Amino acid sequence: MNHQIHDVRESIMEYVYVVVGAAIIAIGFNVFLLPNQVASGGVSGISTILHGLFGWNPGFVQYAFNIPLFIAGVLLLGKKFGIKSFIGTVTLPLIVLLTNSWEPWTDNPLLGALFGGIVVGLGIGLVFKGNASTGGTDLLAQIITKYTGISLGTSVLLIDGIIAISAAIVFDLEKGLYALIGLYVTTKTIDIIQLGFSQSKMVYIITMKQDEVRDAIYAEIERGVTKLPAIGGYTGEARPVLMVVVYQTEFTKLKQLIKSVDPSAFVIVSNAYEVLGEGFKRA
């Protein structure tokens, strides 16, 4: 029963993510990107260009692109998008229409590109957390990938690159450069929303004093240690690697601890964006 309640809550939250995310994208578009003519990729970028050329309402333009692309996606790629993606596809242009009278929050194109990229990236990240999409050029990129063999990343880059070049031609070169800035910031913000800020470090330790280092970590930091089998490339000898994950606040203490036990230890450190399990988040 508790499992069913949890599943219902998860399902409800996914719909909330989609609707709230679409609303945030629409607001960011109307208060940052559109008034500063920053066409940072996607259907919103196309609607910005067409608004600049012909004065067409961006909300209606987005409907004109999103709905056919969603239908094409279902027909050509299958019914994997589901009702949540349809809600995202419909909600985004609707809120663009409802908020198109809002005053711009800045008339500086650079600020528009930076903060527009952040806000739009936040919205897209939330939609992705809801296991959905807002349709648009993402679907077009998937269709291109399926029928041409080009990788998805290349397809997205190709489409967004064409939109940015179009912005440079329709407006001016600077606006095209601002579009690239907005696109970059959006991508990075999506990564942060999806992966989170790195609060943990994953540390690999190669040492001749494995037992001493392991015992010191257990005693002083109270973190589990995993021993990974490895063979030295030069010596050909077996030399296991110790792996431990710690919070960022524990890392300096860990580094000093390793140095005190074995000053010659070889240590590799990387960011761990999401850690599930005992001592960290619940799986």
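So, how was this worked out
Residues numbered from 1 in each chain as written. Predicted model: local features only at pLDDT ≥ 70, side-chain atom pairs only at ≥ 80, totals over all residues. Heavy atoms only, no water. Helix = DSSP H or I, 4+ residues; strand = E, 2+ residues; numbered from the N terminus. Rg over C-alpha atoms; globule rule 2.2 N^0.38 Å. Buried < 20%, exposed > 50% of the residue type's maximum accessible area, 1.4 Å probe, protein only. Salt bridge = Lys/Arg side-chain N within 4 Å of Asp/Glu carboxyl O. pLDDT = per-residue confidence, 0-100. Pairing = 2+ DSSP bridges. Expected span 1.5 Å × (residues − 1). Axes fitted to C-alpha atoms, helices over the stretch in contact; angles between N-to-C directions. Contact = heavy atoms within 4.5 Å. Phe/Tyr/Trp six-rings, centres within 6.5 Å; stacked < 30°, edge-to-face > 60°. Core = buried A, V, L, I, M, F, W, Y, C linked by side-chain atoms within 4.5 Å.

A.B. asks: What should I look at first to understand the overall build of the protein chain in this one?
C.D. replies: Regarding its fold elements, the protein chain presents 10 helices and four strands. Going from the N terminus to the C terminus, the protein chain shows its helices and strands as α-α-α-α-α-α-α-α-β-α-β-β-α-β. Rg of the C-alpha trace for the protein chain: 24 Å, well past the compact-globule value of 19 Å for 283 residues, more than 25% over. When the backbone C-alpha atoms are referred to their principal axes, the protein chain occupies close to 70 × 55 × 40 Å.

A.B. asks: Please explain unusual backbone geometry as it appears in this structure.
C.D. replies: Across the chain, the bulk of peptide bonds are trans and the bulk of non-glycine residues have phi less than zero. Located in the positive-phi region is Q37, a residue other than glycine, with phi close to 55 degrees. Relative to the helices and strands, Q37 resides in the loop between α1 (2–33) and α2 (42–54). What makes Q37 partly exposed here is its relative accessible area of 28%. With a phi close to 60 degrees, E222 is a non-glycine residue in the positive phi region. Tracing the sequence through the fold places E222 in the loop between α9 (210–220) and β2 (226–228). Overall, E222 belongs to the exposed group, its relative accessible area being 65%.

A.B. asks: Would you mind showing me how to read the pattern of salt bridges here?
C.D. replies: Evaluated as defined, the whole model comprises four salt bridges. The salt bridge partner of K84 is E14, with a shortest N-O separation of 2.5 Å. Remark: E14 occurs in helix α1 and K84 occurs in helix α4 (residues 82–98); sequence separation between them is 70 residues. Across the pair R214 and D215 runs a salt bridge whose closest N-O atoms are separated by 3.3 Å.

A.B. asks: Quick question: what am I supposed to make of the confidence of the model for the protein chain here?
C.D. replies: If pLDDT is low for a region, its predicted coordinates should not be looked at in detail. Confidence in the prediction for the protein chain averages 86 pLDDT; 91% of positions are at 70 or higher. At the low end of the mean pLDDT range in the protein chain sits helix α6 (residues 137–148), at 79; at the high end sits α2, at 93.

A.B. asks: Sorry, what's going on with the pairing of strand β1 (residues 200–206) here?
C.D. replies: Every other side chain in a regular strand lies on the same face of the sheet, so the side chains alternate between the two faces. Examined bridge by bridge, β1 and strand β3 (residues 241–247) share six bridges and lie antiparallel to one another. Within β3, the position partnered with I205 by the bridge is L242.

A.B. asks: Help me out: how do you make sense of α2 in this one?
C.D. replies: Residue pairs spaced three or four apart in an α-helix point in one direction, given the helix's 3.6 residues per turn. Between the first and last C-alpha of α2 there are 18 Å, a value that for 13 residues agrees with the 18 Å anticipated at 1.5 Å per step. Of the residues one or two after α2, G55 is the one with positive phi, at around 75 degrees.

A.B. asks: I'm lost on the environment of A132 in this one. Help?
C.D. replies: By the element assignment, A132 lies in the loop between α5 (109–129) and α6. Between the alpha carbons of A132 and V18 there is a distance of 6.8 Å; along the sequence they are 114 residues apart.

A.B. asks: Looking at this model, I keep getting lost on the sheet that holds strand β4 (residues 266–272). Mind explaining?
C.D. replies: Each strand in a sheet pairs with its neighbour through backbone hydrogen bonds, running either in the same direction (parallel) or in the opposite one (antiparallel). With antiparallel pairing, the four strands of this open sheet are ordered in space as β2-β3-β1-β4. Of all strands in the sheet, those with a lone pairing partner are β2 and β4, marking the two edges. Ignoring strand direction, the axes of neighbouring strands in this sheet form an average angle of 25 degrees. One ladder, built from three bridges, connects β2 with β3; its direction is antiparallel. Residue pairing in the sheet places L228 in a bridge with V241 of β3. The sheet strands contacting α9 are β1, β2 and β3, and the helix crosses β3 at an angle near 15 degrees. The sheet strands contacting helix α10 (residues 248–261) are β1, β3 and β4, and the helix crosses β3 at an angle near 145 degrees.

A.B. asks: What exactly am I supposed to notice about the packing of aromatic side chains here?
C.D. replies: Taken as a whole, this structure holds four aromatic pairs when the rule is applied. For the ring pair F32 and F115, a centre distance of 6.1 Å and an interplane angle of 25 degrees mean the geometry is stacked. Taken together, the residues F32 in helix α1 and F115 in helix α5 connect sequence positions 83 residues apart. Take F32: its relative accessible area is 8%, and that puts it in the buried class. In textbook terms, an aromatic cluster arises when at least three aromatic residues are bridged by ring pairs, as seen for F32, W105 and F115.

A.B. asks: In this structure, what is going on with the nonpolar core? I would like to understand it.
C.D. replies: Nonpolar side chains in soluble globular proteins generally cluster together in the buried interior. Judged by nonpolar contacts, the single largest core of 19 residues is most densely connected at I25 and L92. Breaking this core down by element, the ones donating at least two residues are α1, α4, α5 and α8 (173–195). If you tally residues by element for this core, the top one is α1, at seven residues. The residues contacting L92, other than those within four sequence positions of it, are A22, I25, A26, Q62 and T134. Listed in part, the 15 residues of the second largest apolar core include I221, L242, F251 and L257.

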